[in-house]
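What the coordinates show
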Amino acid sequence: MKVGFELHVTPLTESKMYCDCPTKNAQPNLQVCPICTGQPGSKPMAPNETALRAGIKLAKALNCTLNESVSVMRKHYFYPDLPNNYQLTSEPFGENGSFNNVGITEIHFEEDPGQYDPKSGLVDLNRSGSPLLEVVTEPDIDSIEKARDFLEEFSALLGFLGISQKIKADTNVSINGGARVEVKNIGSISGALNAIQYEVNRQAKEGAVLETRHYDKDTMTTKPARLKETVADYRYMREPNLPRPRASLQAKNGSTTYSTT
Ligand SMILES: [Zn+2]
């Protein structure tokens, strides 16, 4: 088996990534402003400095090479919890790291969407625009034990650095060189390990196609979510209301590839 992770870390900050709205819990839709609800004419403010510092600290601890200057991109998709119909996501600011004998492909910033309840149809935008750090690993993990060691050490590192205790672990699993299946919606280390075990057994029985599946923590199984988008589907473009990188660095960053999630 081959396993890699996309780890979403919520850094501890007082306010959101591109506006001054507080991040602390409140009644639904009270921690919002024109920026994080995507009102026409609103523009992002300069990124949250606490989040940027947390990201750089984490990239250094993961032994990444730091890129001196990166652009912020719009990643387009439609979902009821995403009022702009795009998510601001940075180019990787750290690359080619390693941690606990697992390669770290890259680390970049994202903003969290709001929360949508498909049953009631209600949307809460309090979380919309909150900072996220996404760490993408190489598929270097070949056993459940290694997956557990890595996630526990990563979680301990976040605590030690004082960045966060909140991580979600999208998990990519393939067996015998087959198609890569991405499992989303995993909110705990035990959930990630259960999802890996379930997928290894399922793929051995049914085979695998390139797809995204959702983890159901009540049944400890995974269910098909949707066919996987490609990078082209997201129509990435640079956010025109934030400064562009200095000219000398643009050529270097021109070849950067974007995460597909
Ligand atoms: Zn706001």
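Let us look at the structure shown here. Fair warning: this is a prediction, and the values are worked out from it, not measured in the lab. (Residues numbered from 1 in each chain as written. Predicted model: local features only at pLDDT ≥ 70, side-chain atom pairs only at ≥ 80, totals over all residues. Heavy atoms only, no water.)

1. Some thoughts on the packing of aromatic side chains
- Tallied over the full model, the rule gives eight aromatic pairs.
- Ring centres of Tyr77 and Tyr234 lie 6.4 Å apart, and the angle between their planes is 75°; this geometry places the pair in the edge-to-face category. With Tyr77 in the loop between β3 (72-76) and β4 (86-90) and Tyr234 in the loop between β13 (221-227) and β14 (237-238), the pair connects residues that are 157 residues apart, well separated along the chain.
- The exposure class assigned to Tyr77 is partly exposed, which follows from its relative accessible area of 26%.
- Looking at Tyr234, the relative accessible area reads 5%, which means it is buried.
- Taken together through their ring pairs, the aromatic side chains of Phe5, Phe99, Phe150 and Phe154 make up a single cluster.
- Above the face of the Tyr234 ring, Lys75 is positioned so that its terminal group lies 4.5 Å from the ring centre. (Phe/Tyr/Trp six-rings, centres within 6.5 Å; stacked < 30°, edge-to-face > 60°. Helix = DSSP H or I, 4+ residues; strand = E, 2+ residues; numbered from the N terminus. Buried < 20%, exposed > 50% of the residue type's maximum accessible area, 1.4 Å probe, protein only. Lys NZ or Arg CZ within 6 Å of the ring centre and 35° of its normal.)

2. Considering the side chain of Lys184
- When you line up the elements, Lys184 lands in strand β11 (residues 181-184).
- Among the polar contacts made by the side chain of Lys184, one reaches the side chain of Asp170 at a distance of 3.2 Å. (Polar contact = N/O pair within 3.5 Å; in protein donor to acceptor, adjacent residues only side chain to side chain.)

3. Side note on the nonpolar core
- In terms of nonpolar packing, the biggest core is built from 47 residues, with Phe5, Leu58, Leu62, Phe150 and Phe154 touching the most fellow members.
- Here this core takes eight residues from helix α2 (residues 144-161), the largest share from any one element.
- Sequence-distant contacts of Phe154, defined by excluding residues within four places in its chain, comprise Leu7, Val9, Leu58, Leu62, Phe99, Val135 and Ile167.
- Listed in part, the five residues of the second largest apolar core include Cys19, Cys21, Ile35 and Cys36. (Core = buried A, V, L, I, M, F, W, Y, C linked by side-chain atoms within 4.5 Å. Contact = heavy atoms within 4.5 Å.)

4. Section: the environment of Ala179
- Mapped onto the secondary structure, Ala179 falls in the loop between β10 (167-174) and β11.
- Distance in space between the C-alpha atoms of Ala179 and Tyr215 is 18 Å, their sequence separation being 36 residues.
- When near neighbours in sequence (up to four residues on either side) are disregarded, Ala179 contacts Val173, Ser174, Gln203, Ala208, Val209 and Leu210.

5. A word on the coordination of the zinc ion
- Those protein atoms acting as donors to the zinc ion are Cys19 (SG), Cys21 (SG), Cys33 (SG) and Cys36 (SG), and they sit at 2.3 to 2.4 Å.
- For Cys21, a relative accessible area of 7% corresponds to the buried category. (Donors = N, O, S within 2.8 Å, 3.2 Å for Na, K, Ca; no water.)

6. What to know about the side chain of Glu199
- For Glu199, the position within the fold is in helix α3 (residues 189-206).
- Beyond its immediate chain neighbours, meaning those up to four positions away, Glu199 contacts Val173, Val181, Val183, Arg213 and Thr222.

7. Re the pattern of salt bridges
- By the definition in use, this model includes 12 salt bridges.
- In this structure, Lys184 and Glu182 form a salt bridge, with 3.7 Å as the shortest nitrogen-oxygen distance. The same class applies to Lys184 and to Glu182, which are both buried.
- Of the charged contacts, one joins Arg213 and Glu211 as a salt bridge, the two residues approaching to 2.9 Å between their closest N and O atoms.
- Salt bridges here are not isolated pairs; linked through shared partners, they connect Glu199, Arg202, Glu206, Glu211 and Arg213. (Salt bridge = Lys/Arg side-chain N within 4 Å of Asp/Glu carboxyl O.)

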